[in-house]
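Topology and contacts: notes
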Amino acid sequence: MTEQPKSQILDGVRVIDLTRFLSGPQATLFLAGLGAEVIRIDEPVGGDPAANAPPFFGPEGVSMNRRTEGDLGLAYLKRARAKKSVTLNLKSPEGRDILYRLLETADVLVENFRVGVTDRLGLSPDSVAERFPRLIHCAITGYGSTGPERHAKAYDLMVQAASGLMSVTGDPEGAPHKAGSPLTDGIAGTFAVSGILGALYQRERTGRGQFIDVSMADCLVALMLDEPFDCYEELGLAERQGNRIMRFSPFNTYATQDGAIALGAATQQDWLALLDVMDRRDLAQSPDHMNTGWRIVHNAEIDRIVGAWTATVTTAAALERLAARDIPCSPIRAARDLADWPHLRARGMVQPVVHPAYPQAKGPAAAAFPLKFSAASPGYATPAPFVGQHNAAVYAELGLPPEALAALKASGAI
């Protein structure tokens, strides 16, 4: 049977991207990966802040300071893939008028301004719904568009602190820590995509768009509270569990002769198999050691037993023996080594960053689109654009001739 060509899931969907930093650009990056036409609105002077922030990448590699005029911020090169860029001064009446004309052609507006900024741009949720009834308007903010802290300025660190994630991250005896990557931004951006897809589906039935209020704090709390953190004190557990998880024991990282591994026993079968591997089958006769609740409360004792075994073997030997018994385990791989992981290479999950002016330059690693579809072909087909690269093409669709664009540029509107 002849294989049918794969299509793009969001082919024909136009997204106007008024986002900066990470949460919003993450959302629009995923939409672009699904095939939407994403048009970034950049400042005529300066462009996206991420394009001008270190570390930079250019023909001479990666550096904390620009080595050439063509160097661009590495974060921008990752987050703006497969998008278009037009310049527009939203502080000018002409710029706002062009934005409104663009929105008449669009399906989705994504922005992550602070609460109140869109009101000044004439883009409050009510005004957008009235003027562009089919438009889906997604706003990503730190704490949402309602509530007493809706106006607070927020970045990932602040939201992790406010939402409790820092309080449960780190060693029991240590200080609270943030997660190693900006999870709050990525989580909010991903939730925003799911909301936009749901709203597009509903619009097929109703013919109307809607406002989607995405709070970084809400999204983080929605994932955190699967764990009963509010019950830890009552259960006699430390608020911070380190690498452990309160439902299983053992579940931790353990030193080997030449490194460390992660392993966990999520079932009694896993635990019995681990006892065999460690040659500690004697503990299978202990009612305490066979009781998951007892092991969780006495995690330190269980970790001592497991650690005593891992300390006698190499990382490779430990992983081989554990995997042979189907016990969940993993090496502790450095983030810098992800591109060398054969599994990710086989799935095409890591690809080099491409600079728009220097496509042959060897770029650092960037994540490919993470979902695989049997009847669609998602991905990032083009590198991040230069600021204003698509002015002529996009504005020509609005009926603006070259002479009009020249006048708008001279006035600072674009």
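Residues numbered from 1 in each chain as written. Predicted model: local features only at pLDDT ≥ 70, side-chain atom pairs only at ≥ 80, totals over all residues. Heavy atoms only, no water.

- In the annotation of an unreviewed UniProt entry, the chain is listed under the name Carnitine dehydratase and assigned to Oceanibaculum pacificum.

**A word on the pattern of salt bridges**
- Within the structure shown, the criterion is met by 14 salt bridges.
- The salt bridge involving R40 is made with D42; its shortest N-O contact spans 2.5 Å.
- Classification of R40 by relative accessible area gives buried; the value is 1%.
- We classify D42 as buried; its relative accessible area is 0%.
- Taken together, the shared-partner salt bridges in this structure form one network comprising D17, R40, D42, D48 and K83. (Salt bridge = Lys/Arg side-chain N within 4 Å of Asp/Glu carboxyl O. Buried < 20%, exposed > 50% of the residue type's maximum accessible area, 1.4 Å probe, protein only.)

**Here we look at the domain arrangement of the chain**
- One can read the domain layout of the chain as domain 1 (14–223 + 345–411) and domain 2 (247–331).
- Between the C-alpha centres of domain 1 and domain 2 there is a distance of 43 Å. (Domains from an automatic or database assignment.)

**Things to note about the sheet that holds strand 12 (residues 329–331)**
- Pairing is antiparallel across the open sheet formed by three strands, whose spatial order is 10-11-12. The outermost strands of the open sheet, each flanked by one partner alone, are strand 10 (251–255) and strand 12. Direction aside, the axes of adjacent strands within the sheet are offset by 20° on average.
- Its contacts with the sheet place helix 13 (residues 315–324) against strand 11 (260–264) and strand 12, and it is angled at close to 20° to strand 11. (Pairing = 2+ DSSP bridges. Helix = DSSP H or I, 4+ residues; strand = E, 2+ residues; numbered from the N terminus. Axes fitted to C-alpha atoms, helices over the stretch in contact; angles between N-to-C directions. Contact = heavy atoms within 4.5 Å.)

**A few points about a negative patch on the surface**
- A surface patch of like charges, here negative, comprises D230, E233, E234 and E239.
- With respect to the element layout, E233 can be found in helix 9 (residues 232–235). (Patch = residues over 30% accessible without salt bridge, like charges linked within 9 Å, V, L, I, M, F, W, Y side chains within 5 Å. Areas by Shrake-Rupley, 256 points an atom, 1.4 Å probe, with all protein chains shown as cover. Lys, Arg positive; Asp, Glu negative; His and termini not counted. Charge placed at Lys NZ, Arg CZ, Asp CG, Glu CD.)

**Quick word on the packing of aromatic side chains**
- If you walk through the whole model with that rule in mind, you get five aromatic pairs.
- Seen in terms of ring centroids, F21 and Y155 are 5.8 Å apart; in terms of plane orientation they differ by 85°. Their pairing is edge-to-face. With F21 in the loop between strand 1 (14–18) and helix 1 (23–33) and Y155 in the loop between strand 8 (136–141) and helix 6 (156–162), this residue pair connects regions lying 134 residues apart in the sequence.
- The exposure class assigned to F21 is partly exposed, which follows from its relative accessible area of 46%.
- Among the aromatic residues, those joined into a cluster by ring pairs are F30, F369 and Y380.
- Across from the ring centre of W341, 4.0 Å away, lies the NZ or CZ of R333, which sits over that ring. (Phe/Tyr/Trp six-rings, centres within 6.5 Å; stacked < 30°, edge-to-face > 60°. Lys NZ or Arg CZ within 6 Å of the ring centre and 35° of its normal.)

**Topic: the sheet that holds strand 3 (residues 56–58)**
- Taken together, three strands build an open sheet; the order of strands is 4-3-5 and the sheet is antiparallel. Each having just a single partner strand, strand 4 (61–63) and strand 5 (72–73) make up the two edges of the open sheet.
- In this structure, strand 3 lies alongside strand 5, joined through two bridges in antiparallel fashion. The residue bridging F57 from the neighbouring strand is L72, located in strand 5.

**Some remarks on helix 8 (residues 216–224)**
- Among the residues making up helix 8, those that are buried are M216, A217, C219, L220 and M224. Seen end-on, helix 8 carries its buried residues on one side only, within an arc spanning 165°. Exposed side of helix 8, more than 90 degrees from the buried face: D218 and A222 are the residues found there.
- Residues of helix 8 that are buried make contact with helix 1, strand 8, helix 6, helix 7 (183–206) and strand 9 (211–215).
- Taking the backbone nitrogen of A217 as reference, a side-chain oxygen 3.3 Å away marks S215 as the first, capping residue of helix 8. (Arc of directions from axis to C-beta. Polar contact = N/O pair within 3.5 Å; in protein donor to acceptor, adjacent residues only side chain to side chain.)

**Thoughts on the packing of helix 1 against helix 7**
- The interhelical angle for the contact between helix 1 and helix 7, taken along N-to-C directions, is 45°, at an axis separation of 7 Å. Comparing their axes, helix 7 and helix 1 come out oblique. Crossing handedness for the pair helix 1 and helix 7: right-handed. When helix 1 is examined against helix 7, the residues S23, Q26, A27, F30 and L31 are found in contact with a partner set consisting of D185, G186, G189, T190, A192, V193 and I196.
- Among the residues forming the contact of helix 1 with helix 7, the class breakdown is six nonpolar, five polar and one charged. (Parallel < 35°, antiparallel > 145°, perpendicular 65-115°, else oblique. Left-handed = near helix turned anticlockwise from the far one by under 90°. Nonpolar A, V, L, I, M, F, W, Y, C, P; charged D, E, K, R; others polar.)

**Digging into unusual backbone geometry**
- A cis amide bond links P54 to the next residue, P55, at an omega of -5°.
- By the element assignment, P55 lies in the loop between strand 2 (37–42) and strand 3.
- Going from S249 to P250, the amide bond is cis rather than trans, its omega being 5°.
- Even without glycine at this site, A82 takes up a positive phi of about 65°.
- Given a relative accessible area of 18%, A82 falls into the buried group.

**Remarks on the nonpolar core**
- By size, the foremost hydrophobic cluster in this structure holds 39 residues, and its most contacted members are L31 and I140.
- Going through the elements one at a time, helix 1, strand 7 (108–111), strand 8, helix 7, strand 9 and helix 8 are the ones with two or more residues in this core.
- With residues up to four places along the chain from it excluded, the contact list for L31 reads L10, V15, A36, V38, V110, V193 and I196.
- Core analysis: the next-biggest nonpolar cluster, separate from the first, contains 28 residues, L135, V394, Y395 and A413 among them. (Core = buried A, V, L, I, M, F, W, Y, C linked by side-chain atoms within 4.5 Å.)

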